[in-house]
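# Architecture and fold: a report
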Amino acid sequence: MSARAGPGEDPSVASLDYGLLNELVGHLLRHAFLRGHQVFGDVFAGEALTPLQFMVLELVDRNPGITHRDVAAAMSSAPSVLTTALKPLVTARMLEQVRVAGDGRRVAYRLTREGRERFRAVRPRIAEAERRLLGDLDDAEAEALRGFLRRITGRFSG
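Presented here is an overview of the structure given in this document.

The rules we used
Residue indices follow the written sequence of each chain, beginning from 1 at its first position. Two thresholds apply to this predicted model, a pLDDT of at least 70 for residue-level local features and 80 or more for giving and counting side-chain atom pairs, whereas whole-chain, interface and lining totals are computed over all residues. Excluding hydrogens and water, the side-chain figures rest on all heavy atoms present in the structure. In this text, helices come from DSSP runs of H or I with a minimum length of four residues, and strands from runs of E with a minimum of two, each type numbered from the N-terminal end. We call a residue buried when its accessible area falls under 20% of the maximum for its residue type, exposed when it is over 50%, and partly exposed in between, using a 1.4 Å probe and counting protein chains only. Contacts were defined at the residue level, with two residues in contact if any of their heavy atoms lie within 4.5 Å. By convention a nonpolar core is built from buried Ala, Val, Leu, Ile, Met, Phe, Trp, Tyr and Cys residues, the set being connected through side-chain atoms within 4.5 Å. Without a salt bridge and with relative accessible area above 30%, a residue can belong to a patch; like charges are then joined within 9 Å and nonpolar side chains (Val, Leu, Ile, Met, Phe, Trp, Tyr) within 5 Å. Exposure was quantified through the Shrake-Rupley algorithm and a 1.4 Å probe, taking into account, for residues, occlusion by the shown protein chains and nothing else. What makes a salt bridge here is a side-chain nitrogen of Lys or Arg within 4 Å of a carboxyl oxygen of Asp or Glu, nothing more. For helices, the axis comes from a line fit to the C-alpha atoms of the stretch in contact; other axes are also lines fit to C-alpha atoms, and the angle between any two N-to-C directions lies between 0 and 180 degrees. Working rule for handedness: look at the near helix, and if it is turned counterclockwise from the far one by less than a right angle, call the crossing left-handed; if clockwise, right-handed. Here the nonpolar group is Ala, Val, Leu, Ile, Met, Phe, Trp, Tyr, Cys and Pro; Asp, Glu, Lys and Arg are the charged ones; every other residue, Gly included, is treated as polar. The pairing test for Phe, Tyr and Trp rings, Trp by its six-membered ring, is centres within 6.5 Å, and the orientation test on the planes gives stacked under 30 degrees, edge-to-face over 60, and tilted for anything in between. Note on pairing: DSSP must find at least two bridges between two strands before they are called paired. Roughly parallel means an angle under 35 degrees; roughly antiparallel means over 145; roughly perpendicular covers 65 to 115; every other angle is labelled oblique.

## Examining the environment of H68
With respect to the element layout, H68 can be found in helix α4 (residues 68-74). The class for H68 is buried, based on a relative accessible area of 15%. When the C-alpha atoms of H68 and F44 are compared, they prove to be 25 Å apart, with 24 residues separating the residues in sequence.

## Some remarks on the side chain of Q53
Within the secondary structure layout, Q53 lies in helix α3 (residues 51-62). In this view, Q53 contacts A48, A85, P88 and L89; residues no more than four positions away in its chain are not counted.

## So, the nonpolar core
L49, V56, L57 and L95 are the most contacted members of the largest nonpolar core, which has 24 residues in total. Only α2 (25-43), α3, α4, α5 (79-91), β3 (103-111) and α6 (113-122) provide two or more residues apiece to this core. Here this core takes four residues from α3, the largest share from any one element. Those residues in contact with L57, other than ones at most four positions away along the chain, are L49, L89, M94, L95, L111 and F119.

## Examining a nonpolar patch on the surface
The grouping of V25, L29, L137, L145, L149 and I152 at the surface amounts to a nonpolar patch, some 460 Å² of accessible area in total. Going through the elements one at a time, α2 and α8 (139-153) are the ones with two or more residues in the nonpolar patch. With three residues, α8 is the largest single contributor of residues to the nonpolar patch. Judged by relative accessible area, L137 falls into the partly exposed class, the value being 33%.

## Brief notes about the packing of α3 against α6
Relative orientation of the contacting elements α3 and α6 amounts to 115°, with a least axis distance of 11 Å. The way α3 lies across α6 gives a crossing that is left-handed. Residue-level inspection shows F54, L57, E58 and D61 of α3 in contact with α6, the latter providing R116, F119 and R120. The residue makeup of the contact of α3 with α6, split by class, is three nonpolar, no polar and four charged.

## What to know about the packing of aromatic side chains
For any pair of aromatic rings, the description rests on two quantities: the centre-to-centre distance and the angle between the ring planes. Per the stated rule, a full pass over the model turns up four aromatic pairs. Pairing F40 with F44 gives two aromatic rings, centres 4.2 Å apart and planes at 20°, and the pair type is stacked. Feature note: the residues F40, F44, F54 and F119 constitute an aromatic cluster, connected by ring pairs.

## Describing the pairing of β3
Inspection of the sheet shows strand β1 (residues 66-67) paired to β3 by two bridges, in the antiparallel sense. Its bridge partner being in β3, I66 is matched across the sheet by Y109. Strand direction decides the pairing type here: strand β2 (residues 95-100) and β3, joined by six bridges, are antiparallel. Residue pairing in the sheet places E96 in a bridge with R110 of β3.

## A look at the packing of α3 against α5
Describing two packed helices takes the angle between their axes plus the distance from one axis to the other. One way to put it is that α3 packs onto α5 with a least axis distance of 10 Å and a crossing angle of 80°. Relative to α5, α3 is oriented roughly perpendicular. For the pair α3 and α5, the contacting residues are L52, Q53, V56 and L57 in the first and V81, L82, A85, L86, P88 and L89 in the second. Among the residues forming the contact of α3 with α5, the class breakdown is nine nonpolar, one polar and no charged.

Rendered as structure tokens:
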């Protein structure tokens, strides 16, 4: 199988013999994941926002009062990783922590007024990130890819 350099990839790497790696879904998903981060970084340059933080903001915006545990589960992330992503959002006053009624030990999150305004101002850029990431696919291929990924990950709803 011949390889060609992908977007942002060193062309000299394309001449390497990858063996069966480029046939392994996990290997390809890893590269797609990294490419997604690169595109996100380009599109959201200057926003001091990571893909993980975008996911947090989307979940909290859509589910005000969502608990720390539920955000972590929805993101397939360890609670400690989530804490690291959340700290800058809380410090920047985009998110506020609230105690869960009836269980003062549990923490939930909601967007502050400023956080909601800022997130809703930058959120539309995600469409451009998706367009760039999926630029080599037509609409049917892009939707098929989303469908396959939802099946692989067990996420059947959109």
